[in-house]
Amino acid sequence: AEAVERGELASKDVDEDTLGRFLYTAGDPGPDLVIRTSGEKRLSNFLLWQSAYSELIFPPVAWPDFGLAELLNSLDEYRGRGRRFGK
């Protein structure tokens, strides 16, 4: 919005790619997997745009107790999913 206000960008030129260039993760691919510990079934605004096509896993274990076993379980669950990327 600020770039449009300053005249550096026309509002008609704002699209998904343009918005993506203004994120702090610009140039990075979105995550394939997001693991949200403690069983909470929300992202709490964490990488909302970047996670659009991510697989989400919500293990019940809280972060301090999330260890190798929980990570391997999450990866096994991810491995069993069919990625569709929004299709």
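Reference entry: report on the structure contained in this document. Computed from a prediction, not measured in an experiment: that's the story for all the values here.

## A closer look at the overall build of the protein
Point 1. Across its full length, the protein carries three helices and two strands.
Point 2. Start at the N end of the protein and walk to the C end: the helices and strands fall as α-α-β-β-α.
Point 3. A compact globule built from 87 residues would reach a C-alpha radius of gyration of about 12 Å, whereas the protein, at 17 Å, exceeds it by more than 25%.
Point 4. Dimensions of the protein along its principal axes, counting C-alpha atoms only, are 50 × 30 × 20 Å.
Point 5. Relative to its full complement of 87 residues, the protein shows a buried share of 18%.
Point 6. For the protein, long-range pairs separated by at least 24 residues make up 36% of all intrachain contacts whose partners lie at least 6 apart in sequence.
Point 7. Accessible surface computed for the protein: about 6,800 Å², of which carbon and sulfur atoms make up 54%.
Point 8. Placing the 11 positive and 15 negative side-chain charges of the protein at their respective mean positions leaves the two points 5 Å apart.

## Section: the environment of Ser-11
Point 1. Turning to its location among the elements, Ser-11 is positioned in the loop between α1 (2–5) and α2 (16–21).
Point 2. When the C-alpha positions of Ser-11 and Ala-1 are compared, they lie 8.3 Å apart, and in sequence the two are ten residues distant.

## Some remarks on unusual backbone geometry
Point 1. Its identity is not glycine, yet Asn-45 carries a phi of approximately 65°, on the positive side.
Point 2. Inspection of the secondary structure puts Asn-45 in the loop between β1 (33–35) and β2 (55–57).
Point 3. A relative accessible area of 65% means that Asn-45 is categorised as exposed.

## A word on the environment of Thr-25
Point 1. Mapped onto the secondary structure, Thr-25 falls in the loop between α2 and β1.
Point 2. For Thr-25, a relative accessible area of 15% puts it in the buried group.
Point 3. Separated by 27 residues in the primary sequence, Thr-25 and Ala-52 have C-alpha atoms spaced 14 Å apart.
Point 4. Apart from the residues lying within four places of it in its own chain, the contact partners of Thr-25 are Leu-47 and Gln-50.

## Topic: the packing of aromatic side chains
Point 1. For the structure shown, the criterion picks out one aromatic pair.
Point 2. Look at Trp-63 and Phe-66: their rings are 6.1 Å apart centre to centre, the planes differ by 20°, and that puts the pair in the stacked class.
Point 3. Here Trp-63 falls in the exposed class, since its relative accessible area comes to 61%.
Point 4. Classification of Phe-66 as buried rests on a relative accessible area of 15%.

## A few points about the side chain of Thr-18
Point 1. Structurally, Thr-18 can be placed in helix α2.
Point 2. For Thr-18, a relative accessible area of 4% translates into the label buried.
Point 3. Residues in contact with Thr-18, not counting those within four places in the same chain, are Leu-9 and Asp-13.

The rules behind each value
- Residues numbered from 1 in each chain as written.
- Predicted model: local features only at pLDDT ≥ 70, side-chain atom pairs only at ≥ 80, totals over all residues.
- Heavy atoms only, no water.
- Helix = DSSP H or I, 4+ residues; strand = E, 2+ residues; numbered from the N terminus.
- Rg over C-alpha atoms; globule rule 2.2 N^0.38 Å.
- Buried < 20%, exposed > 50% of the residue type's maximum accessible area, 1.4 Å probe, protein only.
- Contact = heavy atoms within 4.5 Å.
- Areas by Shrake-Rupley, 256 points an atom, 1.4 Å probe, with all protein chains shown as cover.
- Lys, Arg positive; Asp, Glu negative; His and termini not counted.
- Charge placed at Lys NZ, Arg CZ, Asp CG, Glu CD.
- Phe/Tyr/Trp six-rings, centres within 6.5 Å; stacked < 30°, edge-to-face > 60°.

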